[in-house]
Amino acid sequence: AKDDNKVDGILIKIEQNEYGMATSQEIRDAIFDFRSKGKKVICYMGIAGNKEYYIASACDKIYLNKAGSLNLYGIRSEFSSYKAFLDKLGVQADLYRIGKYKSATEMLTNEAMSDAYRESLNSVLDDLHDQMIKGIADGRKVSYDRVQEWIDKGPYTANEAKEADIIDDLIYADQIDNVSKQVIGRKITKITDKEYEERKYRHYDWKEKPKIAVIYANGLMLPGKSIFSDSAIIPSIMGSDTITSAIKKARTDDSIKAIVLRIDSGGGAVFASDLIWREIMLTKGKKPFIVSMADSSASGGYYIACPADIIIAEPGTITGSIGIITGKIILRGLYDKLGIKKEIIKKGENSDIYTDYSPFNDQQRAIIERQLNEMYDSFVNKVAQGRNLKEDYVDSIGQGRVWTGKQAKELGLVDRLGGLNQAILIAVEKANLKDKSPDIVRLPKREFLWQRLSIENPSLLNIKSLFYLPRIEDALS
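Residues numbered from 1 in each chain as written. Predicted model: local features only at pLDDT ≥ 70, side-chain atom pairs only at ≥ 80, totals over all residues. Heavy atoms only, no water.

For the rest of this paragraph, the subject is the overall build of the protein. Within the protein, the regular secondary structure consists of 19 helices and 17 strands. Computed over the C-alpha atoms, the radius of gyration of the protein is 25 Å, within 12% of the 23 Å expected from 2.2 N^0.38 for a compact globule of 477 residues. A principal-axis box enclosing the C-alpha atoms of the protein has dimensions of 85 × 60 × 55 Å. Burial statistics for the protein: of 477 residues in total, 48% are counted as buried. As displayed, the protein offers around 25,200 Å² of accessible surface, 50% of which is attributable to carbon and sulfur atoms. (Helix = DSSP H or I, 4+ residues; strand = E, 2+ residues; numbered from the N terminus. Rg over C-alpha atoms; globule rule 2.2 N^0.38 Å. Buried < 20%, exposed > 50% of the residue type's maximum accessible area, 1.4 Å probe, protein only. Areas by Shrake-Rupley, 256 points an atom, 1.4 Å probe, with all protein chains shown as cover.)

What follows is the structure in structure tokens.
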């Protein structure tokens, strides 16, 4: 639409959403890019929060429904401890970690967050808060302090938001056309985004066009096949079989000249991460391989990012978390409450190492710690090789610590700040396709859970093929 002479402006209706900070920044980048051609962007909101307003602040004009509200009051993070609850159930979390900042276990083992967790979390929140204020101040052409004051006095009713000059005006939805006409400066004709997207511009040529593959690696990383979910309740699964197959397909297809791996994942199983990492290493050097980080690319998500030729993240991307977690949940106390008894017959000194009936003994604990250290050292080594850094330095910025994309760039874990569009442009440049208008190929094909359960695919009705339930010692995040 930016390059379409028939389009003078865009009306964006922003509703409350599940976007992360990085996704919000990508949308803002696209709005500013569109406006760079002198075109107008109008925003209309009903009920909006921090992220919705952050996106809206990139627009020329912001309108709020007269009956709406603006929940602009800053960001927060809440730590929930389940230790006392587990104690009442008779459940014990026997967990271990490498990296003093690797904090995912603390909600099960601690009654309050550790000093290291608090330090890391405050650092991330300070940076994200600063990014949000600077973005709003830049978009609305006001001072940093003014935005901080808006946040400190929020939330707002529609009238309060108008009185504070946080938004431009209050209108009902039926008044949007008249307001848009005023902003554009002449009579307008509207077309929906769906109608606009369905317009096809065909270029006929006997030659096959070169392609850029964009591989979407989203969700919890587990062995097996991916499952896509658009629900906030059911998480997406990034299956190692699906992602490695997509990478191999892109590597062996001669028409695909470069690969962009789009990662949105907080990690998962070590085994799955390493399978994907290996497939990337087989591809590296054969074709340009670019990583674009979305809202999160941490732990296992960073594990598969580090071999890339170039890593791109938004300032608000959550990344890093170079560390390992292991352990098991002890249910003996709960079994006792329920009247369940177990008798274990062992044929092997450590054959009960992963039983849920007893904690690790000293010998088993030594084994676990040895294996953890080996996995952590391997992780650090892979990052050091991929990023051309010294292992001691990677260890110093690792230790399970989480960073924003902006912080990660300063530390050398990320090369550039930007979104998916920039990653694709870099891939085009690295593949020498600037003058050839390559096609974009999206991989892999999305498969929903209901498709895996379809009666028409009885071979897939196998619980083992649907879910891989790893022992917690396999988990990175």
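In terms of nonpolar packing, the biggest core is built from 48 residues, with Leu261, Val291, Tyr302 and Ile322 touching the most fellow members. The element best represented in this core is helix α14 (residues 362-387), accounting for seven residues. Those residues in contact with Ile322, other than ones at most four positions away along the chain, are Tyr302, Tyr376, Phe379, Val380, Val383, Val394, Gly398, Gln399, Gly400, Arg401 and Leu413. Residues Val41, Met45, Ile133 and Ile151 belong to the second largest nonpolar core, which totals 34 residues. (Core = buried A, V, L, I, M, F, W, Y, C linked by side-chain atoms within 4.5 Å. Contact = heavy atoms within 4.5 Å.)

The tally for this structure, following the rule as stated, stands at 24 salt bridges. For Lys2, the salt bridge is made with Asp33, and the minimal N-O distance between the two is 3.2 Å. With a gap of 31 residues between them, Lys2 in the segment before β1 (9-14) and Asp33 in helix α1 (residues 21-35) connect regions that are remote in the sequence. Here the salt bridges do not stand alone but share partners, grouping Asp127, Lys406 and Glu410 into one network. (Salt bridge = Lys/Arg side-chain N within 4 Å of Asp/Glu carboxyl O.)

With that settled, the discussion passes to the packing of aromatic side chains. One pass over the structure, following the stated rule, counts five aromatic pairs. Taking 5.8 Å as the distance between ring centres and 50° as the angle between the ring planes, the aromatic pair formed by Tyr96 and Phe360 counts as tilted. Of this pair, Tyr96 sits in strand β4 (residues 92-98) while Phe360 is found in the loop between α13 (332-338) and α14, placing the two residues 264 residues apart along the sequence. Phe360 matches Tyr96 in its accessibility class, with the two residues each being buried. Considering the side-chain rings of Tyr303 and Phe379, the 4.9 Å spacing of their centres and the 55° angle between planes classify their relative orientation as tilted. With Tyr303 in helix α12 (residues 300-303) and Phe379 in helix α14, this pair connects stretches of sequence that are 76 residues apart. With relative accessibility at 4%, the residue Tyr303 sits in the buried group. The exposure class of Phe379 is buried, given its relative accessible area of 0%. One aromatic cluster is present, formed by Tyr96, Tyr354 and Phe360 through successive ring pairs. Of note, Lys382 hangs over the ring of Trp277, and the distance from its end group to the ring centre comes to 4.4 Å. (Phe/Tyr/Trp six-rings, centres within 6.5 Å; stacked < 30°, edge-to-face > 60°. Lys NZ or Arg CZ within 6 Å of the ring centre and 35° of its normal.)

Within strand β2 (residues 40-49), seven of the ten residues are buried, leaving the element largely enclosed by the surrounding structure. Sheet analysis places β1 next to β2, joined by six bridges and oriented parallel. When the bridges of β2 are listed, Ile14 appears paired with Met45. Crossover connection from β1 via α1 to parallel β2: handedness right-handed. Of the pairings in the sheet, the one linking β2 to strand β3 (residues 61-71) comprises seven bridges and is parallel in character. Across the sheet, Ile42 pairs through a bridge with Lys61, a residue of β3. Regarding topology, helix α2 (residues 50-56) serves as the crossover connection from β2 to the parallel β3, and that connection is right-handed. (Pairing = 2+ DSSP bridges. Right-handed = clockwise from strand over helix to strand, strands pointing away.)

Here we take up the side chain of Thr283. By secondary structure assignment, the location of Thr283 is in helix α11 (residues 270-283). Look at Thr283 and you get buried, because its relative accessible area is 0%. When sequence neighbours within four positions are dropped, the list of residues in contact with Thr283 reads Ile247, Arg251, Ile259 and Phe289.

Here we come to the packing of α1 against helix α5 (residues 115-140). Each packed pair of helices is defined by two parameters, the angle between the axes and the distance between the axes. Two numbers describe how α1 lies on α5: the axes approach to 12 Å, and their chain directions differ by 20°. Comparing their axes, α5 and α1 come out roughly parallel. The hand of the α1/α5 crossing is left-handed. Contacts between α1 and α5 pair Met21, Gln25, Arg28 and Phe32 from the former with Leu128, Gln131, Met132, Gly135, Asp138 and Gly139 from the latter. (Axes fitted to C-alpha atoms, helices over the stretch in contact; angles between N-to-C directions. Parallel < 35°, antiparallel > 145°, perpendicular 65-115°, else oblique. Left-handed = near helix turned anticlockwise from the far one by under 90°.)

Here Ser297 shows up in strand β11 (residues 289-298). In contact with Ser297, other than residues within four places in its own chain, are Ile263, Ser265, Tyr302, Ala305, Thr317, Ile318, Thr319 and Gly320.

Let us look at the environment of Asp138. Note on placement: Asp138 falls in helix α5. Under the relative-accessibility criterion, Asp138 is labelled partly exposed at 46%. In sequence terms Asp138 and Ile75 are 63 residues apart; their C-alpha atoms lie 19 Å from each other.

Glancing now at the packing of helix α10 (residues 240-252) against α11. Here α10 crosses α11 at 5°, and the two axes come no closer than 9 Å. Relative to α11, the element α10 is oriented roughly parallel. Between α10, through Ser240, Ile243, Thr244, Ile247, Lys248 and Arg251, and α11, the contact on the second element is made entirely by Ala272, Leu275, Ile276, Glu279, Ile280, Leu282 and Thr283. In terms of residue class, the contact of α10 with α11 is made up of seven nonpolar, three polar and three charged. (Nonpolar A, V, L, I, M, F, W, Y, C, P; charged D, E, K, R; others polar.)

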